[in-house]
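Architecture and fold: a report
Here are the chains, one letter per residue:
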Amino acid sequence: MSRRAATLLVAAVGVVIALAVAVISPVPYVALTPGPTLNTLGDLSGKPLIQVSGHRTYPTKGNLNMVTVSFIGGPGTRFNIFAALRAWLTPDQAVVPESEIFPPGQTSQQVAKQDTEQMVSSQETATAAALCQLNIPFKTVDAVQATVKGMPAAGVLHDGDVIVAVDGRPVTCHADAGTLIKARKPGDPVELTVLRHGRTEPVRLVTADAAGEPVIGVQLLQTYVFPFRVAISVGDIGGPSAGLMFALGIIDKLTPANLTGGRFIAGTGEIEANGTVDPIGGIQQKMAGARAAGATIFLAPAANCANTVGAVPAGMRLIKVSSLAGAITDLNALKAGRPVPSC
C-alpha cells in the first residue's frame, strides 16, 4: 500500500471513529418543541377539564387553550450532536443547555415530580385569582413553615403560626403577608396578628434589610380555603405556566358573559393570586403549537414580549397582558372591535 493510500485510510478510520463517538456521546443540551394544547373550556377524556361543584356555572363557547412545551433529551438519553443540529435547524424548535430544564444533581424523575407539584399549585392559585377577580370571598392562609436564623422572626414565630393581618390589614388575595410586610422601609417596625393554637395574638418585630428590602426572615406556605370546589384535570402535564388560562377558564364558567366571543384563543402565563401575570419560558414553541391547533389570538405575558419578536406565526394576533383583569378587559375589547395592546 502506498504512503498516500495509508494516510487516507488512517484519516477515514479517524473520521468513522469520530462520527461513532458523536453518535454515541450525548451532549448537554435539550431541544424544546411545541407541546400539547388543551381547551380549558373543553373536555379531557370525556370529562370537563375544569369542573365546578357547589356554584352556578354558565355555558361557554370557543376556546381558551393552555399551551405547553415538550423537550427532547435530558439525563440518561442519547441526545447527540446530530439531534441537536437537526433541532437547531428546525423552525419552531430551540436548543438550550440541559441545565435550564434539569438543574445539576436532579434526575428526570425529580424534575417531573417538581413539575407536577408546580401544576397543582398553579391550579390552586388560578382558582384564587379567578375568585379574587370576581370578588367571591375565600380565605387566604399564610402559614409559617420555617424562620431564618439570625433574622427578626427567629425564635418569635413558630411552625404552624398563621399570619392573618399585618399592621391591622387582613391578609387577602389582594395582598398577602409578604406584600404587606414589604410595604415599608428596612428597619421599620411591623405588627403581625398571628393565629396560634386557635387564638390570635400580636407579634411586634423590626424589619431587617435584605438588599434594600424589608424582611423578617420567615418562610410561608400559602394555601386557600374556597367556598366551593374547582377541580382541574390535565393528565400528566406539569409546570406553572397555564395559570392565566386556568383562571380565565374558571371565570368564563362562573359568569354569563362569554369571554371568547366564539374565537379560538390560546395563551400562557404564570399567575399570582392577586391576578399578576408573570413571564414563562418557551413562548415561541407555545405560540407555534397554538397556531398549529387553530388559535388566531394569543395572550402573552408583557414581560415575554421581547421573546416574541419575529416569531409570531402567520395568521395569529398577539395580545400582551400583565394582569388577569387586563386580560379580561382586552378580551371584551376584542369582542367589541376595539384596539387591544400588542407586543
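Residues numbered from 1 in each chain as written. Predicted model: local features only at pLDDT ≥ 70, side-chain atom pairs only at ≥ 80, totals over all residues. Heavy atoms only, no water.

So, about the overall build of the protein. Across its full length, the protein holds eight helices and 20 strands. Of all 343 residues assigned to the protein, the portion counted as buried reaches 41%. Contacts spanning at least 24 positions in sequence make up 71% of the contacts within the protein whose residues lie at least 6 apart. Just so you have it, the protein exposes about 17,400 Å², and 56% of that area is on carbon and sulfur atoms. A gap of 8 Å separates the mean positions of the 26 positive and 23 negative side-chain charges of the protein. (Helix = DSSP H or I, 4+ residues; strand = E, 2+ residues; numbered from the N terminus. Buried < 20%, exposed > 50% of the residue type's maximum accessible area, 1.4 Å probe, protein only. Contact = heavy atoms within 4.5 Å. Areas by Shrake-Rupley, 256 points an atom, 1.4 Å probe, with all protein chains shown as cover. Lys, Arg positive; Asp, Glu negative; His and termini not counted. Charge placed at Lys NZ, Arg CZ, Asp CG, Glu CD.)

Moving on to helix H3 (residues 108–133). Because each turn of an α-helix spans 3.6 residues, side chains separated by three or four positions end up pointing in the same direction. For H3, built from 26 residues, the straight-helix expectation of 38 Å at 1.5 Å per residue is met to within 8% by its first-to-last C-alpha distance of 37 Å. When H3 is considered as a whole, its buried residues turn out to be Val111, Met119, Ser122, Gln123, Thr125, Ala126, Thr127, Ala128, Ala129, Ala130, Leu131 and Cys132. Immediately downstream of H3, the backbone of Asn135 shows phi near 60°, a positive value. (Expected span 1.5 Å × (residues − 1).)

Turning to the side chain of Arg196, a few remarks are in order. Checked against the element boundaries, Arg196 lands in strand S10 (residues 189–196). Side-chain polar atoms of Arg196 contact the backbone oxygen of Val156, separated by 3.0 Å. Only 3.2 Å separates the side chain of Arg196 from the side chain of Glu201, close enough to count as a polar contact. If we ignore the near neighbours within four places in the chain, the residues touching Arg196 are Val156, Leu157, His158, Asp161 and Glu201. (Polar contact = N/O pair within 3.5 Å; in protein donor to acceptor, adjacent residues only side chain to side chain.)

Put simply, the protein has an average pLDDT of 89, and 91% of its residues get 70 or more. In this model, residues 4–24 is a region of pLDDT below 50 whose contacts with residues beyond four sequence positions or in other chains number eight contacts. (pLDDT = per-residue confidence, 0-100.)

Looking now at the packing of H3 against helix H8 (residues 324–336). For the pair H3 and H8, interaxial distance at closest approach is 10 Å and the crossing angle is 65°. Here H3 and H8 pass one another in a crossing that is right-handed. Side by side, H3 and H8 meet where Ala129, Ala130 and Gln133 of the first sit next to Leu324, Ala325 and Ile328 of the second. By residue class, the composition of the contact of H3 with H8 is five nonpolar, one polar and no charged. (Axes fitted to C-alpha atoms, helices over the stretch in contact; angles between N-to-C directions. Left-handed = near helix turned anticlockwise from the far one by under 90°. Nonpolar A, V, L, I, M, F, W, Y, C, P; charged D, E, K, R; others polar.)

Turning our eyes to something else, we now look at the environment of Val30. Counting through the fold element by element, Val30 comes out in strand S1 (residues 29–39). With a relative accessible area of 0%, Val30 lands in the buried category. Taking the C-alpha atoms as reference, Val30 lies 9.6 Å from Pro75; in sequence the two are 45 residues apart. Apart from the residues within four sequence positions on either side, Val30 is in contact with Phe71, Ile72, Gly73, Gly74, Phe79, Ala94, Val95, Val96, Glu98, Ile101 and Phe102.

Moving on, we come to the state of the cysteines. Put plainly, a disulfide is one covalent bond tying together the sulfur atoms of two cysteines. Across all of its chains, the model carries two disulfides by this definition. Across the disulfide, Cys132 is cross-linked to Cys173 (sulfur-sulfur distance 2.1 Å). Measuring handedness by torsion sign, the sulfur bridge of Cys132 and Cys173 sits at about 80° and is right-handed. Within this pair, whereas Cys132 is found in helix H3, its partner Cys173 is found in the loop between strand S9 (169–170) and helix H4 (177–181), the two being separated by 41 residues in sequence. (Disulfide = S-S within 2.5 Å.)

This part covers the packing of H3 against helix H5 (residues 243–254). With their axes 8 Å apart at the nearest point, H3 and H5 run at an angle of 45° to one another. With respect to H5, the axis of H3 lies oblique. Pair H3 / H5 crosses with right-handed handedness. Contacts between H3 and H5 involve Met119, Ser122, Gln123, Ala126, Thr127, Ala130, Leu131 and Gln133 on the former and, on the latter, Gly243, Phe246, Ala247, Ile250, Ile251 and Leu254. Of the residues assigned to the contact of H3 with H5, the class counts are nine nonpolar, five polar and no charged. (Parallel < 35°, antiparallel > 145°, perpendicular 65-115°, else oblique.)

Right, let's get into the packing of aromatic side chains. The final tally for this structure, using the stated rule, is three aromatic pairs. With 5.4 Å between their ring centres and 50° between their planes, Phe138 and Phe226 make a pair best called tilted. A residue pair is termed long-range when its members are at least 10 positions apart, and Phe138 in the loop between H3 and strand S7 (139–147) and Phe226 in the loop between strand S14 (218–225) and strand S15 (229–232) qualify at 88 residues. The partly exposed category is assigned to Phe226, whose relative accessible area is 23%. Every member of this aromatic cluster is reached through a ring pair, and the members are Phe138, Tyr224 and Phe226. (Phe/Tyr/Trp six-rings, centres within 6.5 Å; stacked < 30°, edge-to-face > 60°.)

The next subject is the sheet that holds strand S5 (residues 63–73). If you walk across this open sheet you meet the six strands as S6-S1-S5-S16-S19-S20, and the pairing is mixed. In this open sheet, the two edge strands, each paired with only one partner strand, are strand S6 (94–97) and strand S20 (317–321). Direction aside, neighbouring strands of the sheet carry axes that sit 35° apart on average. The sheet contacts of H5 involve S5, strand S16 (264–267), strand S19 (297–301) and S20, and relative to S5 the element is tilted by about 155°. In the packing of helix H6 (residues 283–293) onto the sheet, contacts are made with S1, S5, S6, S16, S19 and S20, and the angle to S1 comes to roughly 40°. (Pairing = 2+ DSSP bridges.)

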